[in-house]
Amino acid sequence: MRKIKNIVAIAAITAMAFTTVGCNMIAKTPEAIQKTVLAKVGSENITLADVDSELQADIDYLKEQYGENYEENLDDTIKEQLKAARQSVLSQLVEEKVIITKGTELGYIPSDEELASDIEAEKEKFKEIYGGEEGLQQALEYYGMTDEKFDTFVTNIVKTEKVQDAVTKDITVTDDEIKEYYDTNIANYTKNPGANAKHILFETEEEAAAAKAKIDSGETTFEDLFAEYEGNASSGIKPLAEDLGYVENEQENFDTDFLAGFKVLKEGEVSAPVKSSFGYHIIKVTDVVAEATVTPLDEVKDQIKSSLEYTKKNEAFTKQVEEWKNELNVKTYEDKL
């Protein structure tokens, strides 16, 4: 009897050992991997498949380059980039699900029939961005997004906006808050002495002097030369022409020799060659401001109010979403990415 028991025991131990080894040897299939749960929102799961669906164009590209088992063939840098992209998408999907779940529960989201016109209006915005229906379809194809997925994407945008509007509808900004912000940030509404500046940069002083002589003689104009060389700015090939926008006389991070030649110019004047660490410039200024001017509060009041309202609403909504995450017992498993 003892001998039989020993044989049975040995057989059982052997089977357990084989099972343990076998578990380590069997790799998960791609289908099983895609079912990996990355987050739980209430009773709902967000899987790797959900995340990768949002990155379809990128996943398709990686498969093209590295094969169906692309993740095994990626170098560390691309692996980290893919992980970061998945983390970002996961965060967005969690927030979206939280917002729509609680928004539906609290009655903030109207019925599908009531949302229909808003959804169509949102789609029209995308058509406008991409230059019409054809351009939109090309964009959807590029991003690996089907019409069905696009419909869901737009619908969720509209639902999220409805929830945010409901949560933040009572948030306002007072005149005192506007005045306080204006006074605190007065530098942002102060225009220091300076001018709008355009310049043409030459390699040598002789080239710059020759160009200035042609302008002075009437053989050409600064604007004609500017147009001739403007295309070189992106390549850095000289001569090159750039519109620098508004430049202050004491602009930070500007070549001091350039500023010395720039700030003495009068309205519409074109400079003689100005040497800087980059080469030789001829500079033209317009809209010269001789003294610092402060934009009155009344002229920027609406702009400040809009900015403060946006900030306050965004902060309030973010706080509310975080509270909802706790209520829904949200859990994320980024270690499984």
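- Within an unreviewed UniProt entry, the label attached to the protein reads peptidylprolyl isomerase, and the organism entered is Clostridium celatum DSM 1785.
- Recorded in UniProt under Catalytic activity (unreviewed entry), the annotation for the protein is "[protein]-peptidylproline (omega=180) = [protein]-peptidylproline (omega=0)".

Side note on the sheet that holds strand β9 (residues 331-332)
Phase 1 of the analysis: Read across the sheet, three strands follow the order β2-β1-β9 without closing on themselves; strand pairing throughout is antiparallel. In the strand order of this sheet, the two ends are held by β2 (44-47) and β9, each with one partner.
Phase 2 of the analysis: As judged from the four bridges shared by strand β1 (residues 37-41) and β2, these two strands associate in the antiparallel manner. By the bridge assignment for β2, K40 is matched with N45.

Brief notes about the side chain of K123
Phase 1 of the analysis: Its place among the elements puts K123 in helix α7 (residues 112-129).
Phase 2 of the analysis: With residues near it in sequence (within four places) discarded, K123 still touches F150, D151 and V154.

Some words on the packing of helix α6 (residues 76-105) against helix α9 (residues 147-168)
Phase 1 of the analysis: Interhelical geometry of α6 versus α9 gives an angle of 60° and a closest axis separation of 9 Å. On the basis of their axis angle, the class for α6 and α9 is oblique. Classified by chirality, the crossing of α9 by α6 is left-handed. Counting all contacts with α6, which are made through E96, I99, I100 and G103, the residues of α9 involved are N156, K159, T160 and V163.

Reading the values: the criteria
Residues numbered from 1 in each chain as written. Predicted model: local features only at pLDDT ≥ 70, side-chain atom pairs only at ≥ 80, totals over all residues. Heavy atoms only, no water. UniProt positions renumbered as here; feature names shortened; annotations may be inferred. Pairing = 2+ DSSP bridges. Helix = DSSP H or I, 4+ residues; strand = E, 2+ residues; numbered from the N terminus. Contact = heavy atoms within 4.5 Å. Axes fitted to C-alpha atoms, helices over the stretch in contact; angles between N-to-C directions. Parallel < 35°, antiparallel > 145°, perpendicular 65-115°, else oblique. Left-handed = near helix turned anticlockwise from the far one by under 90°.

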